[in-house]
Amino acid sequence: MWAAAGCYALAMSVLGTTLSLFLADAVGAGPGLIGLYFTGCAVVGIGINLATGWLSDRLSDRRTALASTALAGVAGALIFTGVREYAVVFATGAVLLSLNEAYISQLFAYVKEFADATDREVTPFSSAVRSIFSAGWVIGPPVGLFLLTHAGFGRMYTAAAALLLLTAVLGRWFLPALPPPPRPATSKRTTSRRSALRRLLTTVPPRSWLLLGSVTAANVANQMYLIAIALYVTKDLHLSASLVGLMAGACAALEIPLMITVGRLADRVGKVRVVAAALALAAIFFCLLPQADSAPALLALQVPNAVWIAVVTSIPMVVVQQEVPGGTGTVSALYSSTFPVAQLLAGAITGVVAAQAGYRSVFWICAALCAIAAVLVLFRIASHGAADDEPDSPKETAA
């Protein structure tokens, strides 16, 4: 499990930190087309992620879904090694890379089922697995940008494809087999995916919608940051692209101990309270970011960046899994759908703001979004009181 998560994290850290540069430098896309790419991919990704979650809950072995989504990434990365036409790049990202991104929700659905089957506590175990992703981001961005600088986009994406192929192999044949998850009960054989999704949405508690809304707002800010930061550093500040890799690596290195610590302490302190504090810190981070115009300042800001990301990318998912009834894969896919929704909004907002006011202005929008996210979580806490951090009992959930 750890090796599969690590290989996937390495590949996605390379893709995540270089995609904007690839679109700008190799494909020749301007800010508007870059924003359109992320927006269009997100629209398709929402449907793909939910469909993958629904189908995975009906498979006898979730490892099949893990391998399939990773193989989609292999195909997408190989296409990127030689194609420079915007339309082909757009279609590849929308279909193959969107399917590849569904790997994350499937992995954490597997993590929860594994924890349940082995009598482990879900929150710390999920945070520990999430820390492997951070470890991948320590190594991946510096190595990926080194390959980009010295070997070009082709070889860099070839290396990413090799990592994703290894991810598929490890996910399918080296993860422990688990008992088949309970299939959602249906009264008619003609029940469609749409009706199953509708039933899931109607069972989501109002407090979970507040949390999902806040996570979506925070993810919009994070996606805007990922889209803009490489171009901001290289185009606006005229600093080296390798600095972007160092920033990502430093942030990820800090996330690892933070995630492990948060996973152990969140149940004692209160998971939702910790999320609210992290979102407030995120707003402060994005307010400081436009003021930083040197490498030391940008690297120092990775400390608060790591703190809020360590919390928001691990704790809310556990809360949603505890609160929302339904198959683990479907609920995880519902949560993970906040990411393509965020990418949709982030692509559109970043493209417009960057074209009109520059990349520096993007970060002020990020600060406002994180402040809104913090307010939503505080409203949830105020509405539900101290019991808000307690998971629903099976009877309460069924009701």
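In case you missed it, the structure is sitting above this.
Residues numbered from 1 in each chain as written. Predicted model: local features only at pLDDT ≥ 70, side-chain atom pairs only at ≥ 80, totals over all residues. Heavy atoms only, no water.

Draft legend 1. Region of the structure containing the overall build of the chain. Across its full length, the chain carries 17 helices and zero strands. Burial statistics for the chain: of 399 residues in total, 55% are counted as buried. Within the chain, counting contacts between residues at least 6 apart in sequence, those at least 24 apart form 85% of the total. Of the accessible surface of the chain, which amounts to about 15900 Å², a share of 68% is contributed by carbon and sulfur atoms. (Helix = DSSP H or I, 4+ residues; strand = E, 2+ residues; numbered from the N terminus. Buried < 20%, exposed > 50% of the residue type's maximum accessible area, 1.4 Å probe, protein only. Contact = heavy atoms within 4.5 Å. Areas by Shrake-Rupley, 256 points an atom, 1.4 Å probe, with all protein chains shown as cover.)

Draft legend 2. Representation of the environment of Leu369 in the model. Position of Leu369 relative to the elements: it lies in helix α16 (residues 359-384). Counting along the chain gives 155 residues from Leu369 to Ser214, while the straight-line C-alpha distance between them is 8.8 Å. Here Leu369 is in contact with Ala217, Val220, Ala221 and Met224, once residues within four sequence places are set aside.

Draft legend 3. The pattern of salt bridges, seen in detail. Scanning the entire structure with this criterion turns up seven salt bridges. A salt bridge links Asp61 to Arg172; the shortest N-O distance between them is 3.9 Å. In this pair, Asp61 sits in the loop between α2 (31-56) and α3 (63-80) while Arg172 sits in helix α6 (residues 153-173), placing the two residues 111 residues apart along the sequence. A relative accessible area of 24% means that Arg172 is categorised as partly exposed. (Salt bridge = Lys/Arg side-chain N within 4 Å of Asp/Glu carboxyl O.)

Draft legend 4. Molecular detail of the packing of helix α10 (residues 271-288) against α16. Interhelical geometry of α10 versus α16 gives an angle of 160 degrees and a closest axis separation of 8 Å. Considering their axes alone, α10 and α16 lie roughly antiparallel with respect to each other. In terms of crossing hand, the pair formed by α10 and α16 is left-handed. Two secondary-structure elements touch here, α10 through Val272, Arg273, Val275, Ala276, Leu279, Ala280, Ala282, Ala283, Phe286 and Cys287 and α16 through Phe363, Trp364, Cys366, Ala367, Cys370, Ala371, Ala373, Ala374, Val377, Leu378, Arg380 and Ile381. Looking at the contact of α10 with α16, its residues break down into 20 nonpolar, no polar and two charged. (Axes fitted to C-alpha atoms, helices over the stretch in contact; angles between N-to-C directions. Parallel < 35°, antiparallel > 145°, perpendicular 65-115°, else oblique. Left-handed = near helix turned anticlockwise from the far one by under 90°. Nonpolar A, V, L, I, M, F, W, Y, C, P; charged D, E, K, R; others polar.)

Draft legend 5. Looking closely at a nonpolar patch on the surface. Side chains of Leu71, Leu165, Val169, Trp173 and Phe174 sit close together on the surface and give an oily, nonpolar patch of about 540 Å² of accessible area. Here the element with the most residues in the nonpolar patch is α6; it accounts for three residues. Topologically, Trp173 is positioned in helix α6. With relative accessibility at 61%, the residue Trp173 sits in the exposed group. (Patch = residues over 30% accessible without salt bridge, like charges linked within 9 Å, V, L, I, M, F, W, Y side chains within 5 Å.)

Draft legend 6. Broad picture of unusual backbone geometry. For Asp119, which is not glycine, the phi torsion reads 60 degrees and is therefore positive. Along the polypeptide, Asp119 turns up in the loop between α4 (86-117) and α5 (122-151). Assessed through its relative accessible area of 74%, Asp119 is described here as exposed. Non-glycine residue His238 carries a positive phi angle of around 60 degrees. Tracing the backbone through its elements, the reader meets His238 in the loop between α8 (206-236) and α9 (241-269).

Draft legend 7. Here's a closer look at the nonpolar core. Among the nonpolar cores identified, the biggest contains 117 residues, and Leu23, Tyr37, Phe286 and Trp308 are the most heavily contacted of them. Among the elements that make up this core, the one with the highest residue count is α8 (16 residues). Not counting the four nearest positions on each side in its chain, Leu23 is found in contact with Gly28, Ala29, Ile34, Tyr37, Phe38 and Val89. (Core = buried A, V, L, I, M, F, W, Y, C linked by side-chain atoms within 4.5 Å.)

Draft legend 8. How the structure looks around the packing of aromatic side chains. Under the definition given, this model contains 19 aromatic pairs. With centroids separated by 5.5 Å and ring planes inclined at 75 degrees, the aromatic side chains of Phe80 and Tyr157 adopt a geometry described as edge-to-face. Of the two residues, Phe80 sits in helix α3 while Tyr157 sits in helix α6, which places them 77 residues apart along the sequence. Relative accessible area serves as the criterion here: at 0%, Tyr157 is assigned to the buried category. With 6.1 Å between their ring centres and 65 degrees between their planes, Phe286 and Trp308 make a pair best called edge-to-face. (Phe/Tyr/Trp six-rings, centres within 6.5 Å; stacked < 30°, edge-to-face > 60°.)

Draft legend 9. The arrangement of the environment of Gly347 in detail. Along the chain, Gly347 falls in helix α15 (residues 338-357). Judged by relative accessible area, which is 1%, Gly347 ranks as buried. Residues Gly347 and Ala228, 119 residues apart in the sequence, show an inter-C-alpha distance of 9.9 Å. Sequence-distant contacts of Gly347, defined by excluding residues within four places in its chain, comprise Gly35, Phe38, Thr39 and Ile227.

Draft legend 10. Summary view of the side chain of Asn222. Its place among the elements puts Asn222 in helix α8. Exposure remark for Asn222: the relative accessible area of 14% places this residue in the buried category. When near neighbours in sequence (up to four residues on either side) are disregarded, Asn222 contacts Trp308 and Ile309.

Draft legend 11. Quick look at the environment of Asp61. By relative accessible area, Asp61 is classed as buried at 17%. Taking the C-alpha atoms as reference points, Asp61 and Ala177, 116 residues apart in sequence, are found 7.4 Å from one another.

Draft legend 12. Representation of the state of the cysteines within the structure. Considering all chains together, one arrives at zero disulfides under this definition. Free of any disulfide, Cys370 has its nearest cysteine sulfur in Cys366, 6.9 Å distant. (Disulfide = S-S within 2.5 Å.)

Draft legend 13. Molecular detail of α5. When the terminal C-alpha atoms of α5 are compared, their 42 Å separation across 30 residues agrees well with the 44 Å that a helix rising 1.5 Å per residue should span. A bend of about 30 degrees at Gly140 is the largest found in α5, and the proline Pro141 appears one to four places after it. Just downstream of α5, Gly152 is the residue with a positive phi angle, here 95 degrees. (Expected span 1.5 Å × (residues − 1). Bend = angle between axes of the 7 residues up to and from the residue.)

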